[in-house]
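Now for the letters of each chain:
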Amino acid sequence: MKYDIVRHGDEQQPVVIIEDFSSQFAAIVEAANNASYNKAMAAYPGIRAGLNAQYLSERSVILSEIVQNIFGFTRGIKCESCDYSIVTTKPKDLTPGQQIPHYDTPQNNILAFMHYVHSNERGGTAFYRHKKTGFETITAERENQYRQALKAEDENKSMPEPAYIYGSNDRFEMIGDIESKPNRFILYRGQTLHSGSISKDANFSPDPSVGRLTINGFLLDS
């Protein structure tokens, strides 16, 4: 399979894009429509249903090549989690942390993947730079400084009307935007600041046939 690499911002972190990722995409969609969803843990603004990571195995060769050559993995791949995910939280119900870009982990041996099931009108993934620190990735060495900077900003500013972030504002600069496309698979470091590109006019439906449905998970170097 072929893949593309795009790099964003000053740090030029790679985002790998694979089109037509799964040869069993119709079965993936059908399984999503019949899955049992529950409220997501942590900061995800919606619901999730578990998915067997075995579906990735047909692309094990290309994934191994990518994680070694692009991300520097040396030991192999282990899938940490794999879930169908649907954004269902309306802007007015977002927590403060859900209104800004996030990072998944400060560790450099964990990659996040996003497999889009529906079209780009339901939102892709955007990448950001924190203006005050200049950070585009949050490493273990940067984490405390970044958290302190966010805390200071929160204390010195009034909270705006709740909304999903998209584009630049006084705190963050959007440095890249990947559109969603059916059966498009993207892979990026879990350290990168990113956010779903969620329109304020999205339907936020829990119905997997019409909501913003993706498959999310993590690959570990292990």
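Since the structure is predicted, the reported quantities are computational estimates derived from the model, not experimental observations. Along each chain, numbering runs from 1 in the same order as the chain's sequence is written. Only residues with pLDDT of at least 70 get local features here, since the model is predicted, and only at 80 or more are side-chain atom pairs given and counted; chain-wide, interface and lining totals rely on the full set of residues. As a rule here, side-chain values come from all non-hydrogen atoms in the structure, and water together with hydrogens is ignored.

Things to note about the environment of Pro-106
- For helices the rule is a DSSP run of H or I covering at least 4 residues; for strands it is a run of E covering at least 2, with both sets numbered from the N terminus onward. Along the chain, the position of Pro-106 falls in the loop between strand 5 (77-87) and strand 6 (110-116).
- For Pro-106, a relative accessible area of 22% puts it in the partly exposed group.
- Residues Pro-106 and Asp-177, spaced 71 residues apart in sequence, show a C-alpha to C-alpha distance of 21 Å. The buried label applies to any residue whose accessible area, calculated with a 1.4 Å probe on protein chains only, is under 20% of its type's maximum; exposed applies above 50%, and partly exposed to all values in between.

What to know about the pattern of salt bridges
- A pair is scored as a salt bridge if a Lys or Arg side-chain nitrogen falls within 4 Å of a carboxyl oxygen belonging to Asp or Glu. The tally for this structure, following the rule as stated, stands at 11 salt bridges.
- In this structure, the salt-bridge partner of Asp-10 is Arg-129, at a minimum N-O distance of 3.3 Å. Here Asp-10 is found in the loop between strand 1 (4-8) and strand 2 (13-18), whereas its partner Arg-129 is found in strand 7 (residues 125-130), with 119 residues between them in sequence.
- Where Arg-129 meets Glu-173, a salt bridge forms, and the shortest distance between an N and an O atom there is 2.6 Å. With Arg-129 in strand 7 and Glu-173 in strand 8 (residues 172-178), this residue pair connects regions lying 44 residues apart in the sequence.

As for the sheet that holds strand 10 (residues 194-196)
- Only strands joined by at least two bridges in the DSSP assignment are considered to pair. Taken together, the three strands give an open sheet; going across it, the order is 8-7-10, and neighbouring strands pair in antiparallel fashion. On the outer flanks of this sheet lie strand 8 and strand 10, each paired with one strand and no other. Adjacent strand axes in the sheet meet at a mean angle of 30 degrees when their direction is disregarded.
- Bridging between strand 7 and strand 8 involves six bridges; their strand directions are antiparallel. Counterpart to Ala-126 in the pairing with strand 8 is Asp-177.
- Across the sheet, helix 3 (residues 143-156) lies against strand 7 and strand 8, angled at about 85 degrees from strand 7, the strand it touches most. Geometry is summarised by axes, namely lines fitted to C-alpha atoms with helices restricted to the contacting stretch, and by angles between N-to-C directions that run from 0 to 180 degrees. Residue contacts are counted whenever heavy atoms from the two residues lie within 4.5 Å of one another.

Here's the deal with empty space enclosed by the protein
- Buriedness for pockets is judged along seven lines, at least five of which must meet protein on both sides within 12 Å for an open set on the 1 Å grid over protein atoms alone, while cavities are sets there where a 1.4 Å probe fits but cannot get out, and lining residues have an atom within 4 Å of a point. Grid points are joined across faces, edges and corners, and a volume is the space filled by probe spheres set on the points. All told, the structure shown has two cavities of 30 Å³ or more when counted by the stated rule.
- In this structure, the largest cavity occupies an estimated 80 Å³ of space.
- In terms of lining, the largest cavity is formed by His-8, Glu-11, Gln-13, Pro-14, Val-15, Phe-127, Glu-136, Thr-137, Ile-175, Tyr-188, Thr-192 and Leu-193.
- Counting residues per element, the lining of the largest cavity draws most heavily on strand 2, at three residues.
- Tallied by class, the residues present in the lining of the largest cavity amount to six nonpolar, four polar and two charged. All amino acids are sorted into three groups, where Ala, Val, Leu, Ile, Met, Phe, Trp, Tyr, Cys and Pro are nonpolar, Asp, Glu, Lys and Arg are charged, and the leftover types, Gly among them, are polar.

A word on the sheet that holds strand 4 (residues 46-50)
- Taken together, eight strands build an open sheet; the order of strands is 1-2-9-6-11-5-4-3 and the sheet is antiparallel. At either margin of the open sheet sits one strand with a lone partner, and together these are strand 1 and strand 3 (38-39).
- Inspection of the sheet shows strand 5 paired to strand 11 (residues 212-221) by 10 bridges, in the antiparallel sense. Looking at strand 11, one finds that Ile-86 is bridged to Leu-213.

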